[in-house]
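Listed below are the residues making up each chain.
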Amino acid sequence: MKLTVLGCWAPYPRVSGACSGYLLQDMGRNLLIDAGNGVLSKMLQHINIEELDGVLLSHLHPDHIMDIYCLRHAIESANREGRINRTVPLYMPTGPTEDFTRIKGFTKAFEVQIIDEIPEPKKITLAGLKINFVAGKHNLPVYSISFEGSKKLVYSGDTAYNEDLIKLTTEADLLLCEASGLDKDTDYLKENHLTARQAGQLAAAAGAKRLMITHFYPEYVLSELQRQAEEGFGQITELAREGATIEI
Ligand SMILES: [Zn+2]
Ligand SMILES: [Zn+2]
């Protein structure tokens, strides 16, 4: 199982960077997890549109979905030109209604599946992977997502600390976790996001084998986030780096 970081910034990118987006590859299949601004261009450095087997959007904040509007056209063009003859499965929550309704209308590109409507426990199989969703704590409906194939990856999405994410992360080979601030930001972030230290503590509580932090505000010194995450985790913690592919 391979993970490529396409974008790691929030809620806007650094120079030449992209917001949230990750390419997950396992057993010859390709999934796009989140599609923030700049992500499509980065994804095309690794796979062609024809090779994309599915898309999952953790939630509908702009830094996680803006390139869906471009990806839609890329898939429609591939169909029109006969390079593929199919729509691509797209999983997403339903809110906010305005964004959901607009994306749901891209029926020539996507076969939209609503995560909220998957019965509990929210488990699906896509591209040969077992995928499980749990609701997170954020100011929009959000899902943390686990992927089980040759290895187990858990992606936090945007969320405050919660027990369901710890349970989901049990025995994960890698937790890819948002780390939206430092200790000094704890109060400001507490309803919607994790600090780097909390990301580390969550990984430790779940017994995750590895932790990679992501969802960085461009103003921060990343080595400070890394240090606080490592103190929380009690182990080496990796920083998401755009363009980097890791073997899980
Ligand atoms: Zn975000
Ligand atoms: Zn968000």
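All residue numbers refer to positions counted from 1 along the written sequence of the respective chain. All chains are assigned letters beginning at A, and all ligands numbers beginning at 1, according to the order in which they are written. This being a predicted model, a pLDDT of at least 70 is required before a residue's local features are given, and a value of 80 or more before pairs of side-chain atoms are given or counted; all residues contribute to the totals for chains, interfaces and linings. Water and hydrogen atoms play no part in the side-chain values, which are based on all heavy atoms of the structure.

J.: Can you tell me about the pairing of strand β8 (residues 129-135), naming the residues and giving the values?
T.: Burial classes: relative accessible area under 20% of the type maximum marks a residue as buried, over 50% as exposed, and values in between as partly exposed (1.4 Å probe, protein chains only). Per the convention used, a helix needs a DSSP run of H or I reaching at least four residues, while a strand needs a run of E reaching at least two, with both numbered from the N terminus. Most of β8 sits inside the fold, with five of its seven residues counted as buried. Hairpin connection, strand β7 (residues 122-126) to β8: the antiparallel pair is bridged by two residues, and alanine 127 has positive phi, about 50 degrees. Two strands pair under a simple rule: DSSP has to find at least two bridges between them. In this sheet, strand β9 (residues 143-148) lies alongside β8 in antiparallel orientation, the contact comprising six bridges. Within the sheet, the bridge partner assigned to phenylalanine 133 lies in β9 and is isoleucine 145.

J.: Residue-level account of the nonpolar core, with values.
T.: Here the nonpolar core consists of buried residues drawn from Ala, Val, Leu, Ile, Met, Phe, Trp, Tyr and Cys, with membership extended through side-chain atoms lying within 4.5 Å. With 58 residues, the main nonpolar core has Leu3, Leu24, Ile131, Phe133, Phe147 and Leu153 as its most contacted residues. When residues in this core are grouped by element, the largest group, five residues, is from helix α7 (residues 196-206). When neighbours within four sequence positions are excluded, leucine 153 is seen to be in contact with Met1, Leu3, Leu24, Ile33, Ile145, Ser146, Phe147, Leu174, Leu176 and Ile248. Counting 31 residues, the second largest nonpolar core, distinct from the first, contains Ala18, Ala35, Met92 and Ile103. In this analysis, two residues are considered to be in contact whenever any of their non-hydrogen atoms come within 4.5 Å of each other.

J.: Can you tell me about the coordination of the zinc ion (ligand 1), naming the residues and giving the values?
T.: The coordination sphere of the zinc ion (ligand 1), as far as protein atoms go, consists of Asp63 (OD), His64 (NE2), Asp158 (OD) and His215 (NE2), spread over 2.1 to 2.3 Å. Angles of 91 to 166 degrees at the metal separate the four donor atoms of the zinc ion (ligand 1), which places the site in the irregular class. Summarised as a motif, the one-chain spacing of the donors to the zinc ion (ligand 1) is D-H-x93-D-x56-H. For Na, K and Ca the donor cutoff is 3.2 Å, while for all other metals N, O and S atoms count as donors only within 2.8 Å; water does not appear among the atoms, so some sites may look incomplete. Square planar and octahedral sites, with four and six donors, are those where opposite donors lie more than 155 degrees apart and all other angles lie between 65 and 115, tetrahedral sites have four donors with every angle between 85 and 135 degrees, and the rest are irregular.

J.: Describe the sheet that holds strand β6 (residues 110-114), with residues and values.
T.: Spatial ordering of the open sheet is given by β6-β5-β4-β3-β2-β1-β14, a layout of seven strands whose pairing is mixed. Strands at the two margins of the open sheet, each flanked by one partner only, are β6 and β14 (245-247). Taken over all neighbouring pairs, the strand axes of this sheet differ in orientation by 20 degrees on average, direction set aside. Examined bridge by bridge, strand β2 (residues 21-26) and strand β3 (residues 29-35) share six bridges and lie antiparallel to one another. Its bridge partner lying in β3, leucine 24 is registered against leucine 31. Axes, fitted as lines to C-alpha atoms, cover a helix only where it is in contact. Angles between the N-to-C directions of the axes lie from 0 to 180 degrees. Against the sheet, helix α3 (residues 68-80) makes contact with β3, β4 (54-56), β5 (88-92) and β6, and its axis sits at roughly 140 degrees relative to β6, the strand it touches most.

J.: I'd like a description of the environment of aspartate 26, backed by residues and values.
T.: When you line up the elements, aspartate 26 lands in strand β2. By relative accessible area, which is 5% here, aspartate 26 ends up buried. Each C-alpha atom, one on aspartate 26 and one on lysine 130, is 12 Å from the other, the two residues being 104 residues apart in sequence. In contact with aspartate 26, other than residues within four places in its own chain, are Met1, Leu129, Gly149 and Ser150.

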